[in-house]
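Overview (structure and organization)
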Amino acid sequence: MDVDKIVVILVIAAFCLGPQRLVGYSRQLAVVVRRVRDWADTTKAEIEQETGVDIDWSDLDPRRYDPRRIIRDALTEPLDARRSESAVEPRTAAVRPAAGEAPGR
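Residues numbered from 1 in each chain as written. Predicted model: local features only at pLDDT ≥ 70, side-chain atom pairs only at ≥ 80, totals over all residues. Heavy atoms only, no water.

**Some thoughts on the overall build of the chain**
What the chain contains, in helices and strands, is four helices and zero strands. Tracing the chain from N to C terminus, the helices and strands come up as α-α-α-α. Sorting the 105 residues of the chain into buried and exposed places 2% on the buried side. Carbon and sulfur atoms provide 59% of the accessible area of the chain, an area that totals close to 10200 Å². (Helix = DSSP H or I, 4+ residues; strand = E, 2+ residues; numbered from the N terminus. Buried < 20%, exposed > 50% of the residue type's maximum accessible area, 1.4 Å probe, protein only. Areas by Shrake-Rupley, 256 points an atom, 1.4 Å probe, with all protein chains shown as cover.)

**Some thoughts on helix α2 (residues 19-51)**
The first and last C-alpha atoms of α2 sit 48 Å apart over 33 residues, in line with the 48 Å expected at 1.5 Å per residue. Positive backbone phi, at 75°, marks Gly 52, one or two positions downstream of α2. (Expected span 1.5 Å × (residues − 1).)

**Here's the deal with the pattern of salt bridges**
Close approach of charged atoms allows side chains with opposite charge to pair. Summed over the entire model, instances satisfying the criterion amount to two salt bridges. Asp 66 is the partner of Arg 68 in a salt bridge, and the nearest nitrogen-oxygen pair spans 3.4 Å. Of the residues examined, Arg 68 reaches a relative accessible area of 63% and is grouped as exposed. Asp 66 sits in the partly exposed class, given a relative accessible area of 24%. One salt bridge in this structure joins Arg 69 and Asp 73, with 2.7 Å as the shortest N-O distance. Taken together, the positions of Arg 69 and Asp 73, both in helix α3 (residues 67-76) and four residues apart, correspond to about one turn of that helix. Overall, the relative accessible area of 27% leaves Arg 69 in the partly exposed class. (Salt bridge = Lys/Arg side-chain N within 4 Å of Asp/Glu carboxyl O.)

**As for helix α1 (residues 3-17)**
For α1, with 15 residues, the first-to-last C-alpha span of 21 Å sits near the 21 Å given by 1.5 Å per residue. Just beyond α1, the residue with positive phi is Gly 18, at close to 90°.

**Observations concerning a nonpolar patch on the surface**
A grouping of Val 3, Val 7, Val 11 and Phe 15 is seen on the molecular surface, where their side chains present a nonpolar patch of about 430 Å² in accessible area. Relative to the assigned elements, Val 7 resides in helix α1. (Patch = residues over 30% accessible without salt bridge, like charges linked within 9 Å, V, L, I, M, F, W, Y side chains within 5 Å.)

Structure representation (structure tokens):
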């Protein structure tokens, strides 16, 4: 979320709830956010402990799979790097002797 959107939401909440209730609701929101964060950390630790594998959670970040970023990276990548990655050894065609010809000519 952008900062602009958060500010708009806060202004609307201030008008709807009023200044006295806004403070109480913001405290409740902070408590909920802390609980969710603690739950996520506990769950992550349990998964790593039970599986015995240290999971790199940054690999699972959905922002890594933004199609715009993937295309931009592919287009800004140097041409030489793309050629070396996709270079495949050329195949040589097997030459068969024509009918009636002796092999080796």
